[in-house]
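# Summary of the model geometry
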Amino acid sequence: CLEDLIPNLLFLPSNELSFSLNRNTKIAPLSVCSNMHGLDLLDDPTWCPPERNLLREFYEDAKGQEWTIATGWVDEFSNHCDWYGVECNEEGKIVNLTLGNV
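What this report covers is the structure whose coordinates are included nearby. (Residues numbered from 1 in each chain as written. Predicted model: local features only at pLDDT ≥ 70, side-chain atom pairs only at ≥ 80, totals over all residues. Heavy atoms only, no water.)

## Comments concerning the state of the cysteines
What counts, and what does not: Defined by distance alone, a disulfide is two cysteine sulfur atoms within 2.5 Å. Strands are runs of DSSP state E lasting at least two residues, helices are runs of H or I lasting at least four, and both sets are numbered from the N terminus onward.
A complete count under the given rule lists two disulfides for this structure. Here Cys33 pairs with Cys48 through a disulfide, and the sulfurs are 2.0 Å apart. With the S-S dihedral at roughly -75°, the linkage between Cys33 and Cys48 falls on the left-handed side. With Cys33 in helix H2 (residues 30-35) and Cys48 in the loop between H2 and helix H3 (50-61), the pair connects residues that are 15 residues apart, well separated along the chain.

## Structural notes on unusual backbone geometry
Short version of the rule: Working definition: with a 1.4 Å probe on protein chains only, accessible area under 20% of the residue-type maximum means buried, over 50% means exposed, and in between means partly exposed.
The residue Lys63 is not glycine, and still its phi comes out positive at about 55°. Within the secondary structure layout, Lys63 lies in the loop between H3 and strand S2 (86-88). You will see that Val74, though not glycine, has its phi angle at about 55°, which is positive. Within the fold, Val74 resides in the loop between H3 and S2. For Val74, a relative accessible area of 27% translates into the label partly exposed.

Written out as structure tokens, the structure is:
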């Protein structure tokens, strides 16, 4: 559930931008993590963070392709902590989601 992974879900009318400085250098392509069932990496949260797959689903369900600002969202090799409006802690866990006028 999105609320369980993101305790401070917030949608603002402004265009606030939140990026994490924590960048995981070993991350599998998003399409591999979401479409390759049975792959060993799927069970490794370092390579395939579950938050990234959940945010991908959120993006699709919320018609993210129509958002005005969607920098980094569903990029194959970017860490979800670098996506527009996603703020993570040092462990790479989502602590805040701020999307405004998207």
